[in-house]
Structures are given as C-alpha cells and as structure tokens.
Amino acid sequence: MSNFGGFGDSPNGRGRKPLFSGDRDYENDDIESLGVDQRTRLLAGNERLNDHTDRLTRINKIGAETEEIGVEITNALARDTEILISNREKVRAIDSKMDDSKRVLWGIWKGNITTKLLLILMILVMIIGICLVVFVKWYQSCLG
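Note that the structure is predicted; figures quoted are calculated from it, not measured. (Residues numbered from 1 in each chain as written. Predicted model: local features only at pLDDT ≥ 70, side-chain atom pairs only at ≥ 80, totals over all residues. Heavy atoms only, no water.)

Asks: Quick one: what's the story with the confidence of the model for the protein, residue by residue and with numbers?
Replies: Here the protein shows a mean pLDDT of 84. Residues at 70 or above account for 77%. Long-range and interchain partners of residues 1–7, a stretch whose pLDDT sits below 50, account for 6 contacts in this model, where long-range means more than four residues apart. (pLDDT = per-residue confidence, 0-100. Contact = heavy atoms within 4.5 Å.)

In structure tokens:
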C-alpha cells in the first residue's frame, strides 16, 4: 500500500492511530520536532497562499483596468463610427449637389456656346451685308 494518503503505516514506521487518538507518544522526542516541522511547512504554505492571493488580486486589478480601457476604446470607436457614418452621408449629399451643379454648369456652357455661335453668325451676316452694299454701290458707280 502507498505511503502517501493511505491508511497504513507512515513512512517512519509508526501508525496514524497515536496521532489521531490524542495519545502522545512521549517516548519519541522527535514528535515535537515533527510538530515544529509541520508548523514550518504550514507557515510556508500560508506564505505561498498569501503570495498567490496577492498575485491573483493584482491580476484581477490588471484585468479590471484592461476591461475598463477596452470599454473606453469600444466607446471611442462607436463614436468614431457614428462620425464616419454621418460624414459619409454628408459626402453623398454633397456629391448629389455636385451632380446637380455639373448639370447646371453644363447647361450654362451650352447656352454660352450657342450665344457665341449666334453672335459669330450675326457678325458674318452683317459683314456679308456690308460687302454686298459696298459691291452694289461700286457696281452702280461703274455702270453709270
């Protein structure tokens, strides 16, 4: 049977019965040294437990701070997302207005070109008319 956790004899050959019965074996002085050893191990175990508790406390604190930072970042990203969506809608509205402006400017440009062509045509007709009047006057003076 195993010496660890079994109900048999302990590794030093003594049974467990004297330990649990309350009967003290005064014949062996090393029981007191075992008590001191157990106390030392218990204190060391408590110290390790306290260290681990402190570590867990620090880890929980770091986790809480990290979570808080994560929430702040998430909120900032949500605000930025709303701003971007709003800006995208504004850009679409501006783009629509730009299309309207392009159509209006195209119409103005076409009207301007039409006006210039009519003006050029009228100038040509006037030049032809003046040349025709001058030619007729010159032709009448030559004939007559």
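Asks: Residue-level account of the packing of aromatic side chains, with values.
Replies: Per the stated rule, a full pass over the model turns up 3 aromatic pairs. Judged by centre distance (5.0 Å) and plane angle (25°), the ring pair of Trp 106 and Trp 109 falls under stacked. Remark: Trp 109 and Trp 106 occur in helix 2 (residues 30–143); sequence separation between them is 3 residues, near one turn of the helix. Seen in terms of ring centroids, Phe 135 and Tyr 139 are 6.1 Å apart; in terms of plane orientation they differ by 15°. Their pairing is stacked. Taken together, the residues span about one helical turn, with Phe 135 and Tyr 139 both in helix 2 at a distance of 4 residues. Since its relative accessible area comes to 44%, Tyr 139 is described here as partly exposed. Site record: aromatic cluster; members linked through ring pairs are Phe 135, Trp 138 and Tyr 139. (Phe/Tyr/Trp six-rings, centres within 6.5 Å; stacked < 30°, edge-to-face > 60°. Helix = DSSP H or I, 4+ residues; strand = E, 2+ residues; numbered from the N terminus. Buried < 20%, exposed > 50% of the residue type's maximum accessible area, 1.4 Å probe, protein only.)

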